[in-house]
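Summary of the model geometry
The residues making up each chain are set out below.
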Amino acid sequence: MDIRSAQLFQHLASSLNFSKTSEQLYVSPSTLTRIIQRLEDDLGVQLFSRDNRSVRLTPAGLRFQQFVKKYLEDWHQLQVDLALTSDELQGQLRLFCTVTASYSHLPDILDKFRLICPKAEIQLTTGDAAAALEKVKNDEADVALAVYPPHLPLNIAFASIAKLPLQLIAPTIPCKTNDLLALTPIPWQDIPMIVPEHGPARARFDQWLKTEGFNPLVVAKVEGHEAMVSMVALGSGVAIAPDAVVQNSPVRERVRTVPLDYQFEPFELGICMQSKRLHEPLMRAFWQVAAEKKAV
């Protein structure tokens, strides 16, 4: 079993979704299926039971999952030990962030990081900001750009790099949403609203509702702020979104800010990683570069 096969198995054992694993680890579904089948042939057991609706680990799969976890941990520790004896830091660093953060905040950090770690291999995955902490906790990413959560897990280290103001946005095109927003007073209970599925943005949305005291007309629940901005631009309703996402959106000319007496608590954007890995050379180097960015 090679390292890549072990990584693919580990991710699939966690996601239990062939499509998700193939998409997030950049491998075709057919290749992923062949690799799992080869592992099963080599071991002489079935690792996953699958039907049209679900994928589950078999008892043999659960036992193999424990073995693979230890195997990858040992491999990673070997890489760390060898890096400590090298004149230049090298190895792979798996980063996770939103699409917006990948060009609004990450480039400056990576430019400086590459100057001190030119041999480091960067593997970037983008997705919903609300999933960032889970990616790090589940060892699907080494470092993530994340919003500081209401309750930071004790085993996660977090370093703030920026404050992100939030605003309520509406479409600029003529639509039912704008007709309602033009009324005095605004009938908030009738305004179509696009809300986050979960995460810090959902907590701030719920706090606004509690303060204003109305039941929202929810027309969509969406993962990812970029998708929410796009839906607002299409005239589907209003939504709260970080200013950085709006300003970097290709549809920013099609949305506008709705003036409110209420002020949303801004996001605290930072980098996070497992605390136990702060001593690792590559992780420590990335952490120091990010901390310098905040200090500037």
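Small disclaimer: the values here were computed from a predicted structure and weren't measured. (Residues numbered from 1 in each chain as written. Predicted model: local features only at pLDDT ≥ 70, side-chain atom pairs only at ≥ 80, totals over all residues. Heavy atoms only, no water.)

**Structural notes on the sheet that holds strand β10 (residues 239–242)**
Judged by pairing direction, the sheet is antiparallel, and its 3 strands sit side by side in the order β10-β7-β11 without closing on themselves. With partners counted over all chains shown, the strands left at the sheet margins are β10 and β11 (255–257), one partner each. Direction aside, neighbouring strands of the sheet carry axes that sit 50 degrees apart on average. Pairing between strand β7 (residues 166–171) and β11: 3 bridges, direction antiparallel. Within β11, the position partnered with P171 by the bridge is V255. Sheet strands touched by helix α10 (residues 225–233): β7, β10 and β11. Its angle to β10, the strand with the most contacts, is close to 130 degrees. (Pairing = 2+ DSSP bridges. Helix = DSSP H or I, 4+ residues; strand = E, 2+ residues; numbered from the N terminus. Axes fitted to C-alpha atoms, helices over the stretch in contact; angles between N-to-C directions. Contact = heavy atoms within 4.5 Å.)

**Details of empty space enclosed by the protein**
Counted by the stated rule, this structure contains 1 cavity of 30 Å³ or more. Taken as a whole, the largest cavity spans an internal volume of roughly 170 Å³. T98, A101, L164, V245 and L269 are the residues nearest the centre of the largest cavity, which is lined by 17 residues in total. Going through the elements one at a time, α5 (99–104), β5 (143–147), α10, α11 (243–247) and β12 (267–274) are the ones with two or more residues in the lining of the largest cavity. Across the lining of the largest cavity, the residue classes tally to 11 nonpolar, 5 polar and 1 charged. (1 Å grid on protein atoms, 1.4 Å probe; cavity = no way out; pocket = protein on both sides within 12 Å on 5 of 7 lines; lining within 4 Å. Points joined across faces, edges and corners; volume = space filled by probe spheres on them. Nonpolar A, V, L, I, M, F, W, Y, C, P; charged D, E, K, R; others polar.)

**A short note on the pattern of salt bridges**
Counting across every chain of the model gives 14 salt bridges. Two residues, D142 and R277, come together in a salt bridge whose shortest N-O distance is 2.8 Å. Placement of the pair is D142 in the loop between α7 (132–137) and β5 and R277 in the loop between β12 and α12 (281–295), with a sequence separation of 135 residues. Like R277, D142 is buried. (Salt bridge = Lys/Arg side-chain N within 4 Å of Asp/Glu carboxyl O. Buried < 20%, exposed > 50% of the residue type's maximum accessible area, 1.4 Å probe, protein only.)

**Let's talk about the sheet that holds β5**
Overall, mixed pairing links the 5 strands, which are arranged β4-β3-β5-β12-β6 in an open sheet. Either end of the sheet is taken by a strand with one partner, and the two such strands are β4 (119–126) and β6 (156–164). Averaged over all neighbouring strand pairs, the angle between strand axes comes to 25 degrees, with direction disregarded. The sheet strands contacting helix α6 (residues 106–116) are β3 (90–97), β4, β5 and β6, and the helix crosses β4 at an angle near 165 degrees.

**Overview of the environment of V45**
On the secondary structure map, V45 appears in the loop between α3 (29–43) and β1 (48–50). Here the alpha-carbon distance between V45 and A60, two residues 15 residues apart in the chain, equals 6.9 Å. Other than its neighbours up to four places away in sequence, V45 contacts E40 and A60.

**A look at the packing of aromatic side chains**
A complete count under the given rule lists 13 aromatic pairs for this structure. Ring centres of F9 and F64 lie 4.8 Å apart, and the angle between their planes is 65 degrees; this geometry places the pair in the edge-to-face category. Here the residue F9 occupies a position in helix α1 (residues 3–15), and F64 occupies one in helix α4 (residues 59–84), the gap between them amounting to 55 residues. The residues F9 and F64 share a single accessibility class, namely buried. Their ring planes at 70 degrees and their centres at 5.3 Å tell us that F113 and F286 sit as a pair that is edge-to-face. (Phe/Tyr/Trp six-rings, centres within 6.5 Å; stacked < 30°, edge-to-face > 60°.)

Everything listed here is a matter of geometry and, on its own, says nothing about what the molecule does.
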